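Inside the fold
The residues making up each chain are set out below.
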Amino acid sequence: MDQLSIILKRFSMNTEVFFTGNLCGISHFDKQLNQGHLHLLQSGELTLIDEQGKSLRFNKPTVLFIPSPHTHRIVGDPDNPPKLVCANVIYNEATSNPIAEALPTLLHFNLDDCPKIKQTSLGLFEEAFENRCGRLPMINALTDIFIIYILRHVLSNNIMDHGLLAGLSHPHLSKVILAIQEAPERQWGLDEMAEMALMSRSKFSELFKRIVGQSPGDYVIDWRIIVAKTLLKQNKSVALVANAVGYEDGSALARVFRKKQGMSPKQWLEQRK
């Protein structure tokens, strides 16, 4: 399975379109837990103002993707009102989402520079601005697809230079990251990971930490916790989950889980409920 498919399998997300049409005046978007925003500008002109007060103006067909929770405002030009599709991007995790954390606060692309994204946007605009039957589920489905095209674009163009997506874009590190994601139960050692990346131990360790932002060992532990949470939400026993992510028993998993999360697996499950 390719790197993006593995990530999306583990970290589900969905979109909910909440506005289509011409924007007049100012729209304010609050910070919501585990929620980003997607704004697609078909025509007109707008100014986006972030929570630090920095402003950017756009007057060409553009995708504006704010992956993680951030307060922002959109101001429409009164003489050239923007025609927009706006959607919430909802991450279905109880904690932070690695996809959102791996991306910058704002990604923006001129649609004319991204043929595949532009092609999808044309179908989305057509559905959004015409009153056809099944319109709302259709545009929600299309925005879900649109997000995947954005992530593909980020990976294939090496836009990120730090974080998980940057690691997945690296020709050598990606092999290791994918292997860890596919088999978290293996006892991953530095020698094995470095050999898989065709590097010396020291070079691999330094490069991994510089690109991904944490040591290989810490990444293995964090991925195991992520997988463990997924299994716990499926009502698997702690002992079974422990074996599935590379720990010999539930007590060993609980120690690591408590160190990372500040609570035991059972406490985490109760908190979610």
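I will try to describe carefully the structure that is included in this document.

What counts, and where the lines are drawn
- Residues numbered from 1 in each chain as written.
- Predicted model: local features only at pLDDT ≥ 70, side-chain atom pairs only at ≥ 80, totals over all residues.
- Heavy atoms only, no water.
- Helix = DSSP H or I, 4+ residues; strand = E, 2+ residues; numbered from the N terminus.
- Buried < 20%, exposed > 50% of the residue type's maximum accessible area, 1.4 Å probe, protein only.
- Polar contact = N/O pair within 3.5 Å; in protein donor to acceptor, adjacent residues only side chain to side chain.
- Contact = heavy atoms within 4.5 Å.
- Salt bridge = Lys/Arg side-chain N within 4 Å of Asp/Glu carboxyl O.
- Pairing = 2+ DSSP bridges.
- Axes fitted to C-alpha atoms, helices over the stretch in contact; angles between N-to-C directions.
- Parallel < 35°, antiparallel > 145°, perpendicular 65-115°, else oblique.
- Nonpolar A, V, L, I, M, F, W, Y, C, P; charged D, E, K, R; others polar.
- Expected span 1.5 Å × (residues − 1).

1. Focus on the side chain of S169
Among the structural elements, S169 can be located in helix α5 (residues 164-169). A residue is classified by how much of its surface remains accessible, and S169, at 19% relative accessible area, is buried. In this structure the side chain of S169 is engaged in a polar contact, spanning 2.9 Å, whose partner is the backbone oxygen of L165. Residues within four places of S169 in sequence aside, it is in contact with V154, L155 and N158.

2. Here we look at the pattern of salt bridges
Scanning the model with the defined rule gives 10 salt bridges in all. With a closest N to O distance of 3.3 Å, R132 and E127 form a salt bridge. Classification of R132 as partly exposed rests on a relative accessible area of 36%. With a closest N to O distance of 3.0 Å, R210 and E206 form a salt bridge.

3. Quick word on the sheet that holds strand β7 (residues 72-76)
Sheet architecture is open: four strands sit in the order β2-β7-β4-β5, paired in antiparallel fashion. The open sheet has two edge strands with one neighbour each: β2 (26-29) and β5 (55-58). Along the sheet, successive strands turn relative to each other by an average axial angle of 20°, direction set aside. With four bridges connecting them, β2 and β7 associate as antiparallel partners. Residue pairing in the sheet places I26 in a bridge with V75 of β7.

4. A word on the environment of L207
Note on placement: L207 falls in helix α8 (residues 201-212). L207 gets classed as buried once you look at its relative accessible area, which sits at 9%. In sequence terms L207 and N158 are 49 residues apart; their C-alpha atoms lie 16 Å from each other.

5. Digging into the packing of helix α6 (residues 173-182) against α8
Closest axis-to-axis distance for the α6/α8 pair is 11 Å, and the angle between their directions is 80°. By the angle between their directions, the pair α6 and α8 is classed as roughly perpendicular. Contacts between α6 and α8 pair L173, V176 and I177 from the former with F204, L207, F208, I211 and V212 from the latter. For the contact of α6 with α8, the class distribution of residues is eight nonpolar, no polar and no charged.

6. Focus: helix α11 (residues 250-261)
One turn of the α-helix equals 3.6 residues, which is why residues spaced by three or four share an orientation. Relative to the 16 Å expected for 12 residues at 1.5 Å per residue, α11 spans 15 Å between its end C-alpha atoms, a close match to the ideal helical length. Taken together, the buried positions of α11 are G250, A252, L253, A254, V256 and F257. Those residues of α11 hidden inside the fold are in contact with α9 (216-232), α10 (238-244) and α12 (265-272). If you check the start of α11, you find a side-chain oxygen 3.2 Å away from the backbone N of S251, and it comes from D249. Downstream of α11 by one or two residues, G262 has phi in the positive range, about 80°.

7. Notes on the pairing of strand β8 (residues 83-91)
With respect to burial, β8 is a largely interior element, eight of its nine residues being buried. Note that strand β1 (residues 13-22) and β8 share nine bridges and pair antiparallel. Within β8, the residue paired with M13 across the bridge is Y91. Here strand β3 (residues 35-43) pairs with β8 via eight bridges, running antiparallel. By the bridge assignment, L40 is partnered in β8 with V85.

8. Thoughts on the pairing of β5
Across four bridges, the pairing between strand β4 (residues 46-50) and β5 is antiparallel. Across the sheet, the residue bridging to T47 is R57, located in β5. Counting the residues that bridge the hairpin from β4 to β5 gives four residues, and of these G53 lies at a positive phi of roughly 90°.

9. What about the sheet that holds strand β9 (residues 107-110)?
Sheet architecture is open: five strands sit in the order β1-β8-β3-β6-β9, paired in antiparallel fashion. At either margin of the open sheet sits one strand with a lone partner, and together these are β1 and β9. Averaged over all pairs of adjacent strands, the angle between strand axes in this sheet comes to 15°, irrespective of strand direction. Sitting on the sheet, helix α3 (residues 115-128) is in contact with β1, β3, β6 (62-66), β8 and β9, with an inclination near 85° to β3. Against the sheet, helix α4 (residues 135-156) contacts β1, β3, β6, β8 and β9, and its axis sits at roughly 110° relative to β1.

By themselves, these observations are geometric and do not establish any function.
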